[in-house]
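Structure at a glance
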Amino acid sequence: MPEANQKRSHHEVIVIGGGVIGMSIAFRLAKEGREVALIEPNELGMGASYGNAGTIADYATIPVGTPSVLKNLPGLFFNRDSPLSVRYRTLPSLMPWLIEFAYQSLPSKAETNAGKLGVLLKNASDLWHEMGVELGASHHLHKRGCLYLYESNKSFFNAKYDEKLRRENGVEVEVITAKEVLKHEPNLQPFEGGAHFFPNATSIDDPGKVMKIFSQKLTELGVTIYPTSAVSIDTNNQNYIKVMCKDEVLEASKVIVSAGAFSKTLAKSFGENIRLDTERGYHLEFDMKTPPVTRPVCSAKRGFYASPMVGRLRIAGMVELGGLSLPHVEHRLKVLERGAKTMFPNLGQPSRSWYGFRPSMPNSVPVIRPSKQNKNIIMAFGHGHIGVTLAPTTAQIVSNLISAN
Ligand SMILES: Cc1cc2nc3c(=O)[nH]c(=O)nc-3n(C[C@H](O)[C@H](O)[C@H](O)COP(=O)(O)OP(=O)(O)OC[C@H]3O[C@@H](n4cnc5c(N)ncnc54)[C@H](O)[C@@H]3O)c2cc1C
């Protein structure tokens, strides 16, 4: 359709993508009195922000790429049951990301990345509790800590590296024995090794419900929602940015790109080549009145969290490298189920399953900055495993960036 025939609307700020990142940004900016529009083709908050493990993981200063992951990478890739897998037919397109990932896993790089994550994560929990109050969602936040299990003596010993990286970056961690774990969570099966306990960690008991609360609040605050997809961003006009959508053209003084794992092509349209890819994750849910654990418990070996949620236990995790378009792999769900039943032998049949796309950078550090091509476009994506955790932090950074120019 020729551009002259298309509807145009001008906004102060347009946020692209209605996941937890885009909604937190829109929420904060609207609360500050800015006129905000949000573009989202699907129901708000139903991407990765719906199906995650619900941890406000302010202890997650360890990047995905570390020297030990690098050392074990071939074994992980070739083991069908491993928590880290690759879809081989996507290898050619994945290769630049994988090479950068390998480079970022070198000791000095991993330590630098841990430092960057530590800075970002410093106030994540406090900011979530503040935002929880503003949203009227505090009842979904629980400060009961989080357990990381290392289920062999060898992996518990090797976890000293993680402990060091966490402590160096300000994380409070208690190193406890497997027996002590069972005092905290008596429904777990006895195991070898030990655990790290993060006493200050908070978790969300129903991320989907919190996304719905967000969506309602945005409407109450007068945020305009466009139920469409942004296709590209045009920076040719000096006075405003044009967002070319599927069926209309919108204009704004500032544009925030926060379309999660789908942000790469949008960034390319205004000249930013970002090495963003996706780590697909899966979850299984088991409906029950009282989940068998009282706080999120991560099995480091199996690569998933067992998270207690309202009326169910959610087993969420896995890392599958393989782009955004291939169908899911049923075997991954079977591996999750088997792992869950090893930890909790009384689980019955799963009630439902899900998969979604983490937006992942090779160094695990999100991109939160103005575009070098145009300072009125701010990129806020690539949060990988900690997007829920960093949502209010990201909104704060974006708000500061907007106020600064
Ligand atoms: C299994 C699993 C467990 C996880 N556990 C945790 C956890 O415990 N703690 C934690 O902090 N993080 C966790 N994460 C990571 C976290 O879920 C993500 O980092 C976070 O949800 C990313 O948020 P987002 O808003 O960037 O992306 P999304 O939630 O994916 O939202 C992006 C939105 O952009 C929209 N969009 C896409 N293209 C366009 C377009 N062209 N125009 C307009 N809109 C568009 C999509 O429809 C989508 O709604 C987990 C992830 C997974 C998969």
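Keep in mind that what you see is a predicted model, and the values were worked out from it rather than measured. By convention here, each chain's residues receive numbers from 1 onward along its written sequence. Local features in a predicted model are, by the rule used here, given only for residues with pLDDT of at least 70; side-chain atom pairs are given and counted only at 80 or more, and totals for whole chains, interfaces and linings are based on all residues. Hydrogen atoms and water are omitted, and side-chain values are computed over all heavy atoms in the structure.

Some thoughts on the overall build of the protein
Where we set the bar: Working definition: helices are DSSP H or I runs of at least four residues, strands are E runs of at least two. Numbering for both runs from the N terminus. The atom set for the radius of gyration is the C-alpha atoms, and the globule formula is 2.2 Å times the number of residues raised to the power 0.38. Burial status follows relative accessibility: with a 1.4 Å probe on protein chains alone, a residue under 20% of its type maximum counts as buried, one over 50% as exposed, and anything between as partly exposed. Residues are treated as being in contact if the distance between any of their heavy atoms lies within 4.5 Å. A 1.4 Å probe and the Shrake-Rupley method give the accessible areas. Residues count as covered only by the protein chains that appear here. Counted as positive: Lys and Arg. Counted as negative: Asp and Glu. His and the chain ends are not counted at all. Think of each charge as sitting on NZ of Lys, CZ of Arg, CG of Asp or CD of Glu.
Along its length, the protein carries 13 helices and 20 strands. Here the protein has a C-alpha radius of gyration of 21 Å; the compact-globule value for 405 residues is 22 Å, and the two agree. If you line up the protein on its principal axes, its C-alpha atoms span 70 × 45 × 40 Å. When the 405 residues of the protein are sorted by exposure, 58% land in the buried category. For the protein, the share of sequence-separated contacts (at least 6 apart) that also reach a separation of at least 24 residues comes to 76%. When the accessible surface of the protein is split by element, carbon and sulfur atoms take 53% of a total near 17300 Å². Of the side-chain charges in the protein, 46 are positive and 37 negative, and the distance between the mean point of each set is 4 Å.

Quick notes on the site of the ligand
The condition that has to hold: It suffices for a single heavy atom of a residue to lie within 4 Å of a molecule or strand for the residue to be listed as near it. The term polar contact refers here to a pair of N or O atoms within 3.5 Å; inside protein, the definition further demands a hydrogen-donor-capable atom paired with an acceptor-capable atom, and it admits residues adjacent in sequence only when both atoms are side-chain atoms. Throughout this entry, Asp, Glu, Lys and Arg are counted as charged residues, while Ala, Val, Leu, Ile, Met, Phe, Trp, Tyr, Cys and Pro are counted as nonpolar. The remaining residues, Gly among them, count as polar. Domain borders in the structure are assigned automatically or taken from a domain database.
Taken together, 34 residues are adjacent to the ligand, and E40, S49, T55, G384 and T389 come closest. In the model, an oxygen atom of the ligand is placed 3.3 Å from a nitrogen or oxygen of the V20 main chain. One nitrogen or oxygen atom from the main chain of A230 is found 2.8 Å from a nitrogen atom belonging to the ligand. Within the complex, 95% of the 1000 Å² of free accessible area of the ligand lies under protein. Where the shell around the ligand is concerned, the elements lending two or more residues are helix 1 (20-31), helix 2 (48-51), strand 14 (277-287) and strand 18 (352-360). Residue contributions to the shell around the ligand peak at three residues, all from strand 18. Per-class residue counts for the shell around the ligand are 15 nonpolar, 17 polar and two charged. Shared between two domains, the shell around the ligand holds at least three residues of each, these being domain 1 (9-49 + 209-275 + 366-404) and domain 2 (53-203 + 276-360).

Some thoughts on the sheet that holds strand 9 (residues 202-204)
Rules: Two strands form a pair only when DSSP identifies at least two bridges running between them.
Across the sheet, three strands lie side by side as 3-9-5; this open sheet has antiparallel pairing. Each end of this open sheet is capped by a strand with a single partner; those strands are strand 3 (55-56) and strand 5 (141-142).

Looking at the nonpolar core
The condition is simple: By nonpolar core we mean a set of buried residues, namely Ala, Val, Leu, Ile, Met, Phe, Trp, Tyr and Cys, connected to one another through side-chain atoms within 4.5 Å.
Core analysis: the biggest nonpolar cluster contains 57 residues, and I25, Y59, W128, F214 and I256 have the highest contact counts within it. Among the elements that line this core, the one with the most residues is helix 1, at eight residues. A domain split of this core shows at least three residues from each of domain 1 (9-49 + 209-275 + 366-404) and domain 2 (53-203 + 276-360). Once you skip the residues sitting within four places of it in the chain, I256 turns out to touch V13, I14, V15, I16, I25, I378, A380, V398 and I402. Listed in part, the 26 residues of the second largest apolar core include A195, V297, F304 and L347.

Comments concerning empty space enclosed by the protein
Spelled out, the test is: The rule is simple: put a 1 Å grid over the protein atoms alone, call a set of points where a 1.4 Å probe fits but cannot get out a cavity, call an open set with protein on both sides within 12 Å along at least five of seven lines a pocket, and count a residue as lining if it has an atom within 4 Å of a point. Grid points are joined across faces, edges and corners, and a volume is the space filled by probe spheres set on the points.
The tally for this structure, following the rule as stated, stands at one cavity of 30 Å³ or more. Approximately 60 Å³ is the volume attributed to the largest cavity. Forming the walls of the largest cavity are V64, L73, F77, L84, W97, F101, E279, V319 and L321. Counting only elements with at least two residues in the lining of the largest cavity, the list comes to helix 3 (67-78), helix 4 (91-104) and strand 17 (312-321).

With respect to the domain arrangement of the protein
Going by this rule: Each reported salt bridge corresponds to a side-chain nitrogen of Lys or Arg within 4 Å of a carboxyl oxygen of Asp or Glu.
In terms of domain boundaries, the protein breaks down into domain 1 (9-49 + 209-275 + 366-404) and domain 2 (53-203 + 276-360). Just the C-alpha atoms count here: the centres of domain 1 and domain 2 sit 27 Å apart. Counting every contact that joins domain 1 to domain 2 gives one salt bridge. Notably, a salt bridge pairs E100 with R275, separated by 3.6 Å at the nearest N-O pair. Along the contact surface separating domain 1 from domain 2 lie seven residue pairs in polar contact (both at pLDDT 80 or more). Among the secondary structure elements, those contributing two or more residues to the side of domain 1 that touches domain 2 are helix 1, helix 10 (207-220), helix 11 (263-269) and helix 13 (391-404). The dominant element in the side of domain 1 that touches domain 2, judged by the number of residues it contributes, is helix 10, at five residues.

Quick look at the pattern of salt bridges
Within this structure, the stated rule accounts for 21 salt bridges. With its nearest N and O atoms 2.9 Å apart, the salt bridge here joins K212 to E43. Placement of K212 in helix 10 and of E43 in the loop between strand 2 (36-39) and helix 2 is noted, with a sequence separation of 169 residues between them. In this structure K212 comes out as partly exposed when scored by relative accessible area, which is 46%. Across the pair E337 and K341 runs a salt bridge, and its minimum N-O distance is 2.8 Å. Here E337 and its partner K341 are both found in helix 12 (residues 330-343), four residues apart, which amounts to about one turn of the helix. Three or more residues are tied together by salt bridges with common partners; here these are D206, K209, E285, D287, R312, R314 and R352.

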